[in-house]
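The primary structure of each chain is shown beneath.
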Amino acid sequence: MVPPGALITFVQKGIHFLEMEANLNNSDADVDEDFSFLQPLDLITKDVYELRQMIKDKKKNLHKDRDKDKDKDKEFEREHERESARVREKDRHEREKESEKDRERIEKEKEREKQHEDIADREMVADQADQNNDKHEENGNSGEPMEVSTTSTSQTCEIPSSDVMILEGHTSEVCACAWSPTGSLLASGSGDSTARIWTIADGTSRSSVQNSHLNVLVLKHVKGRTNEKSKDVTTLDWNGEGTLLATGSYDGQARIWNTSGELKTTLSKHKGPIFSLKWNKKGDFLVTGSCDKTAIVWDVKTEEWRQQFEFHSGPILDVDWRNNLSFATSSTDNMIYVCKVGDTRPVKTFAGHQGEVNCVKWDPTGSLLASCSDDISAKIWSMKQDKYVHDLREHSKEIYTIRWSPTGPGTNNPNQQLVLASASFDSTVKLWDVEHGKLICSLNGHGDPVYSVAFSPNGEYLASGSLDRCINIWSLKEVKIVKTYTGNGGIFEVCWNKEGDKIAACFANNTVCVLDLRM
């Protein structure tokens, strides 16, 4: 759950803070502007009192023999300059690399536009890919999956703030959100040891939220003080009827709440944090996957555990039901198991990933299982064979999550092609033709890792949320961004309501946003 580079950022912030604390001695009128009295090494090896003493001494010397020490000072500052220059240089290199990439991307775009003036009138890229299935080398780009970059479009389709509802109340980052499948209720789970159920009525205007007339229920996972780290709400899921909300917490307990915010059941057996939980379709079983390497199926009526599955050798990262009795689990041990209530051995073992398996999802009919991993691949598995059916390798960094489109046989949109979306730390979202195991297109609209993707209920749009603070909404027909919104923190999850006219997103800056979409 810790984003890449977070620890380094914390250490840097800590050092900055110490530097400021040492320099801002209230009694001193003249604070040294560029903090040049302290070396980085001093900051790491000495405490605040020593540092303040050093600053005092240095100031004394400075006042005493200003002229004598001018040269020394300069040297001192030069050293400091060199130090920061080094850091700046590194930053600049990084940025140049980035802008170089951007430039290349824009160049590519221009070339491509030259090559295909008619790109706008074209059918969805998949059709084009089909027509040109002959070797792409022979005729340039035409058969290749389309790279969709969005340097120009994003300014034009920013969602106006009048269509954005900002839900405030959580006191720590919000890591999970889910719309009720039936009504206008939105659940959010946070590191502040609470989940919240917000009532988002159609008429709710943005201003009324700011004035907190909003109907919100706070589901406390701890008796007294909140913000206890051990009670982080890590995951949540509504049952199919939208009558019960299950939450999983860092304390290893699953809890079931009704829509009035009352705690109905506490399920305790895990010995470590719960990372994933799901209701089966029927709503009689709940499965939880934990850091303790086990999955437990709970009988919701009797409030007892029905079966504990101990197959993995590492923490379980994700669980997903195939039908009312069998489900898949994935783990840091690189393995995927398909388990069935009543069976003591896995029904199926899928081995093939070379890194932690972050996410597993069954397609709408329960015939194919998709998985994604830190080994930078996504894979498609079938119950009919042990080896993966397709190995999807186009990402350049870890793939954090995947989603199936609500399209194809057995869905409400049977005439549209079934596709898989994958979101990666390489800042892209990729769409896959699952039948042929081929890349349809790459959606390159983010500047940082993408943590979440969600298809609209009609399968025509895809929302993506990233650490770059942006939510992008893509039209899959036109393969371009049609709406975008920038919030004030990294985005951990995005989800559509059942009507497909609202998107909820949860942010690292303790807020939940609801975007009104009326496409």
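Per chain, the residues get numbers from 1 upward, laid out in the order the sequence is written. The predicted origin of the model limits local features to residues at a pLDDT of at least 70 and limits the giving and counting of side-chain atom pairs to 80 or more, whereas totals for whole chains, interfaces and linings rest on all residues. In computing side-chain values, all of the structure's heavy atoms are included and hydrogens and water are not.

1. Quick word on the overall build of the protein chain
Looking only at helices and strands, one finds 6 helices and 33 strands in the protein chain. A simple rule labels every residue: compare its accessible area, found with a 1.4 Å probe on the protein chains alone, to the largest value its type can have, and call it buried under 20%, exposed over 50%, or partly exposed in between. The proportion of buried residues among the 519 residues of the protein chain is 49%. Throughout, a residue-residue contact means that at least one pair of heavy atoms, one from each residue, lies within 4.5 Å. Contacts in the protein chain between residues far apart in sequence, at least 24 positions, make up 48% of those at least 6 positions apart. Computed with a 1.4 Å probe, the accessible areas rest on the Shrake-Rupley method; for each residue, only the protein chains presented here act as cover. When the accessible surface of the protein chain is summed, it comes to about 25800 Å², and 49% of that surface belongs to carbon and sulfur atoms. Secondary structure follows DSSP: runs of H or I at least 4 residues long count as helices, runs of E at least 2 residues long count as strands, and numbering of each begins at the N terminus.

2. As for the packing of aromatic side chains
Here a pair means two rings of Phe, Tyr or Trp (six-membered ring of Trp) with centres within 6.5 Å. Their orientation is stacked below 30 degrees between planes, edge-to-face above 60, and tilted elsewhere. For the coordinates displayed, the defined rule picks out 10 aromatic pairs. Where W381 meets Y388, the ring centres are 5.8 Å apart and the plane angle is 85 degrees; that geometry is what we call edge-to-face. Judged by relative accessible area, W381 falls into the buried class, the value being 0%. Taking the relative accessible area as the measure of exposure, Y388 reaches 21% and is therefore partly exposed. Ring centres of Y400 and F425 lie 5.7 Å apart, and the angle between their planes is 20 degrees; this geometry places the pair in the stacked category. One end of the pair, Y400, is in strand 23 (residues 399-404); the other, F425, is in the loop between strand 24 (419-424) and strand 25 (429-433), and 25 residues separate them in sequence. Residue class for Y400 comes out partly exposed when judged on its relative accessible area of 30%. An aromatic cluster is built from F309, F311, W321, F327 and Y337, whose rings are joined through pairwise contacts. In this structure, R322 is placed above the aromatic ring of W362, and the distance from its NZ or CZ to the ring centre is 5.3 Å. Our definition puts a charge over a ring when NZ of Lys or CZ of Arg is within 6 Å of the ring centre and also within 35 degrees of the ring normal. Positioned above the aromatic ring of Y388 is the side chain of K379, whose terminal nitrogen or guanidinium carbon lies 4.8 Å from the ring centre.

3. A short note on unusual backbone geometry
We note that S427 has phi near 75 degrees; this positive angle belongs to a residue other than glycine. Of note, S427 is situated in the loop between strand 24 and strand 25.

4. Focus on the sheet that holds strand 20 (residues 368-373)
Across the sheet, which stays open at both edges, the 4 strands sit in the order 19-20-21-22 with antiparallel pairing between neighbours. Of all the strands in the sheet, just strand 19 (357-362) and strand 22 (390-392) have a single pairing partner and so form its edges. The mean angle between the axes of side-by-side strands here comes to 20 degrees, regardless of whether they run parallel or antiparallel. Paired strands, in this sense, are two strands between which DSSP finds at least two bridges. Alignment of strand 19 against strand 20, held across 5 bridges, turns out to be antiparallel. For V360, the partnering residue across the bridge sits in strand 20 and is S371. Where helices are involved, their axes are fitted lines through C-alpha atoms of the stretch in contact, as for all axes, and angles between N-to-C directions lie from 0 to 180°.

5. Description of the pattern of salt bridges
Put simply, a salt bridge is a Lys or Arg side-chain nitrogen that is within 4 Å of an Asp or Glu carboxyl oxygen. Enumeration over the complete set of coordinates arrives at 13 salt bridges. Between D251 and R255 there is a salt bridge, with its nearest N and O atoms 2.7 Å apart. Residues participating in the shared-partner salt-bridge network are K278, D318, D320 and K361.

6. Description of helix 3 (residues 48-64)
Note: α-helices contain 3.6 residues per turn, so residues at a spacing of three or four share the same orientation. To estimate how far a helix should extend, the number of its residues minus one is multiplied by 1.5 Å. When the terminal C-alpha atoms of helix 3 are compared, their 24 Å separation across 17 residues agrees well with the 24 Å that a helix rising 1.5 Å per residue should span. Burial in helix 3 covers these residues: V48, L51, M54, I55, K59 and L62. For helix 3, the angular spread of the buried residues around the axis is 130 degrees, confining them to a single face. Every exposed residue of helix 3 that faces more than 90 degrees away from the buried side is listed here: Y49 and K64. Two N or O atoms form a polar contact when they lie within 3.5 Å of each other; inside protein one atom must be a possible hydrogen donor and the other a possible acceptor, and for residues adjacent in sequence the pair counts only when both atoms belong to side chains. The N-terminus of helix 3 is capped by D47, whose side-chain oxygen sits 3.1 Å from the backbone nitrogen of Y49. When we speak of the arc, we mean the arc of directions from the helix axis to the C-beta atoms.

7. Notes on the pairing of strand 7 (residues 233-238)
Of all 6 residues making up strand 7, 6 are buried, and the element is well covered by its neighbours. Sheet topology places strand 7 next to strand 8 (residues 244-249); 5 bridges connect them, and they run antiparallel. Of the residues in strand 8, the one forming a bridge with D237 is A246. Between strand 7 and strand 8, which pair antiparallel in sequence order, lie 5 residues; one of them, G242, sits at a positive phi of approximately 75 degrees.

8. Some remarks on the confidence of the model for the protein chain
Confidence per residue, as judged by the predictor, is encoded in pLDDT with a range of 0 to 100. For the protein chain, the mean per-residue pLDDT works out to 84, and 76% of the residues sit at or above 70. In this model residues 114-142 is a low-confidence stretch, pLDDT under 50, and it forms 23 contacts with partners more than four residues away in sequence or in other chains. Considering only residues more than four positions removed or in separate chains, one finds that residues 207-211, a stretch of pLDDT under 50, has 8 contacts.

9. Re the environment of W257
Take W257: it is sitting in strand 9 (residues 253-258). Given a relative accessible area of 3%, W257 falls into the buried group. Taking the C-alpha atoms as reference points, W257 and W238, 19 residues apart in sequence, are found 9.6 Å from one another. The residues touching W257, leaving out its near neighbours within four places in the chain, are L219, K220, H221, T243, L244, L245, T247, E262, L263 and K264. Here T247 takes part through its side chain, which lies 3.0 Å from a polar atom of the side chain of W257.

10. Focus: the environment of L325
Inspection of the secondary structure assignment puts L325 in the loop between strand 15 (316-321) and strand 16 (326-331). L325 sits in the partly exposed class, given a relative accessible area of 38%. Residues L325 and V297 lie 28 residues apart in sequence; the distance between their C-alpha atoms is 9.7 Å. Beyond its immediate stretch of four places on either side in the chain, L325 contacts F285, C339, K340 and V341.

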